[in-house]
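Architecture and fold: a report
So the chains spell out like this:
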Amino acid sequence: MFIGIDVGLKALDAAASEAAPELPRRVPNTPDGIARLVAALGELAPRLVVLEATGTYHCPLLAALLAAEAPVAVANPAQVAAFRQSRLGRHKTDRADAQLLARFAQGHADELRRAAPDEPDVAQLRTFVRYRDDLVAQQTAIRNRLHAARWTAAAAVVAWLEADLAAGAARLREVEGEIAALLATLPETTALTAQVGVGLVTAAAVLAYLPAGVLGDPKAAAAYAGLHPRHEQSGQRDRSRLSKQGCPPLRRYLYLAAVTAVRRDPAMAAFHARLRARGKAAKAATCAVAHKILRQLMGKLKEARRDHVLTLPLAA
């Protein structure tokens, strides 16, 4: 049996791939509702439960399912949308979405990566990094408004925007201080920042945005970031390009790390130059460097975690 759960702000809609009268069709997205749903799933013992990533609304349910050791996967919304289109779905309701997720789970169970519980420090780091990204976006918007306001006679608006910009910069420094303090407690930080082009913020993004089950897996990490090549062949056309079907914020951090690495790392600069000599566009070559950096980071991360585990008994 496969279960699909559509997650909303106020309610959770569940559906099964086969008849399951004991499965509640809808429960509130509250601690009591989640406990009721998880208890029912425990009785049914499904092969897989699939949720669709919905911002943060699915996080309490996911944590409860993982605590109950239920087999659960979080589906990419783009995958689910493509599956709906392939089935010529005409209805878009919470109930229909739950049924679609159950069918999606049944048809793609072997391909879906099982969710794994986050370490508490990494979960907190993810919150900090996302908040920092929001602050950076707000600062960019304020700078744009300030630039426009300076061409007007609204001196008061200019003063307000300058104050907003200064306050945002102060908060950004505070958040980055918290990120640095948290990274200082993680054994993976030293290994990640040893990579040329990777600073504390990029290291934090790698740890924060990659799911727990992907960390240390180079191929899966590249796919999640959207840095793996996508091969397209049809008739006379045969080309490869960046898939971009992944996590845009992580891809942005890695691209900036690649730009720095090409400038400061002779090996990466030579790799970039070889790609350019073969006819690759400058951005495509830089993306290839970002791909290479991420794969190397996963190797360093896997080694750092293995060494940390091995040294724990000695430290005790």
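Bear in mind the structure is a predicted one, so any value in this text is a computation, not a measurement.

So, on to the pairing of strand E4 (residues 48-52). For E4, the tally of buried residues reaches five of five residues, placing the bulk of the element in the interior. Alternating residues of E4 divide into Leu48, Val50 and Glu52 and Val49 and Leu51, and every residue in both groups is buried. Here strand E1 (residues 2-7) runs beside E4; their pairing, made up of four bridges, is parallel. Pairing of Gly4 across the sheet is with Val50, part of E4. For E4 and strand E5 (residues 72-75), the ladder comprises four bridges, and the chain directions are parallel. Paired with Glu52 across the two strands is Ala75, which belongs to E5. Of the crossover connections in this fold, the one passing from E4 over helix H2 (residues 59-67) to the parallel E5 is right-handed.

What follows covers the nonpolar core. Counting residues in each nonpolar core, the largest one holds 44 residues, and the members touching the most others are Leu125, Leu210 and Leu254. Of all elements in the fold, only helix H5 (120-149), helix H6 (155-183), helix H8 (200-209), helix H9 (218-225), helix H10 (248-264), helix H11 (266-277) and helix H12 (282-315) reach the threshold of two or more residues within this core. Here this core gets eight residues from one element, more than from any other, and that element is H12. Excluding residues within four positions of it along the chain, Leu254 makes contact with Val206, Ala225, Leu227, Ala290, Leu294 and Leu297. Counting residues in each nonpolar core, the second largest holds 21 residues, with Ile5, Ala20, Leu41 and Leu62 among its members.

Right, let's talk about the layout of surface pockets for a bit. Its boundaries defined by the atoms lining it, the largest pocket holds a volume of some 1700 Å³. As for the largest pocket, its lining consists of 45 residues, and the residues nearest its centre are Ala53, Val74, Tyr209, Pro211 and Tyr224. Counting residues per element, the ones that place at least two in the lining of the largest pocket are H2, E5, helix H3 (77-86), helix H4 (94-108), H5, H8, H9 and H10. Across the lining of the largest pocket, the residue classes break down as 28 nonpolar, eleven polar and six charged.

This part is about the packing of H5 against H6. As a packed pair, H5 and H6 sit with axes 9 Å apart at the nearest point and diverge in direction by 160 degrees. For the element pair H5 / H6, the angle class is roughly antiparallel. Helix-helix and strand crossings are classified by hand; for H5 and H6 the assignment is left-handed. For the contact of H5 with H6, the class distribution of residues is 19 nonpolar, three polar and nine charged.

We now examine H6. Its 29 residues give H6 an end-to-end C-alpha distance of 42 Å, which sits within 8% of 42 Å, the value for a rise of 1.5 Å per residue. Among the residues of H6, those classed as buried are Val158, Leu161, Leu165, Gly168, Leu172, Val175, Ile179, Leu182 and Leu183. The inward-facing, buried residues of H6 abut H5, helix H7 (188-193) and H8.

Another aspect to go through is H9. Each turn of an α-helix holds 3.6 residues, which means side chains three or four residues apart point in the same direction. For H9, every residue scored as buried is listed here: Ala220, Ala221, Ala222 and Ala225. Among the residues trailing H9, Gly226 stands out with phi positive, at a value near 80 degrees.

Before going further, it helps to spend a moment on the environment of Pro77. Looking at where Pro77 falls in the secondary structure, it is placed in helix H3. Pro77 sits 24 residues away from Ala53 along the chain, and the two C-alpha atoms are 6.4 Å apart. Here Pro77 is in contact with Glu52 and Ala53, once residues within four sequence places are set aside.

As a further point, take the confidence of the model for the chain. In the predicted model, the chain carries a mean pLDDT of 85, and the fraction of residues at 70 or more is 90%. Highest mean pLDDT in the chain belongs to H6 (95); lowest belongs to strand E6 (residues 229-234) (56). Predicted confidence is poor over residues 310-316, with pLDDT under 50, and the contacts of this stretch with residues over four places away or in other chains come to zero contacts.

On the surface, a cluster of positive charge is contributed by Arg274, Arg278, Lys280 and Lys292. Residue position: Lys292 is located in helix H12.

With respect to the element layout, Asp265 can be found in the loop between H10 and H11. Buried Asp265, no salt bridge; nearest opposite-charge side chain is Lys300, N-O distance 8.7 Å. Of the polar contacts made by the side chain of Asp265, one reaches the backbone nitrogen of Ala267; its length is 3.1 Å.

On to the pattern of salt bridges. Scanning the model with the defined rule gives six salt bridges in all. Linking Arg113 and Asp217 is a salt bridge whose minimum nitrogen-to-oxygen distance equals 3.8 Å. A residue pair is termed long-range when its members are at least 10 positions apart, and Arg113 in the loop between H4 and H5 and Asp217 in the loop between H8 and H9 qualify at 104 residues. For Asp217, a relative accessible area of 29% translates into the label partly exposed. Its salt-bridge partner being Glu176, residue Arg132 comes within 2.9 Å of it at the nearest N-O pair. Residue Arg132 is found in helix H5, and its partner Glu176 is found in helix H6; the two are separated by 44 residues along the sequence. Of the residues examined, Arg132 reaches a relative accessible area of 13% and is grouped as buried.

What counts and what doesn't
Residues numbered from 1 in each chain as written. Predicted model: local features only at pLDDT ≥ 70, side-chain atom pairs only at ≥ 80, totals over all residues. Heavy atoms only, no water. Buried < 20%, exposed > 50% of the residue type's maximum accessible area, 1.4 Å probe, protein only. Helix = DSSP H or I, 4+ residues; strand = E, 2+ residues; numbered from the N terminus. Pairing = 2+ DSSP bridges. Right-handed = clockwise from strand over helix to strand, strands pointing away. Core = buried A, V, L, I, M, F, W, Y, C linked by side-chain atoms within 4.5 Å. Contact = heavy atoms within 4.5 Å. 1 Å grid on protein atoms, 1.4 Å probe; cavity = no way out; pocket = protein on both sides within 12 Å on 5 of 7 lines; lining within 4 Å. Points joined across faces, edges and corners; volume = space filled by probe spheres on them. Nonpolar A, V, L, I, M, F, W, Y, C, P; charged D, E, K, R; others polar. Axes fitted to C-alpha atoms, helices over the stretch in contact; angles between N-to-C directions. Parallel < 35°, antiparallel > 145°, perpendicular 65-115°, else oblique. Left-handed = near helix turned anticlockwise from the far one by under 90°. Expected span 1.5 Å × (residues − 1). pLDDT = per-residue confidence, 0-100. Patch = residues over 30% accessible without salt bridge, like charges linked within 9 Å, V, L, I, M, F, W, Y side chains within 5 Å. Areas by Shrake-Rupley, 256 points an atom, 1.4 Å probe, with all protein chains shown as cover. Salt bridge = Lys/Arg side-chain N within 4 Å of Asp/Glu carboxyl O. Lys, Arg positive; Asp, Glu negative; His and termini not counted. Charge placed at Lys NZ, Arg CZ, Asp CG, Glu CD. Polar contact = N/O pair within 3.5 Å; in protein donor to acceptor, adjacent residues only side chain to side chain.

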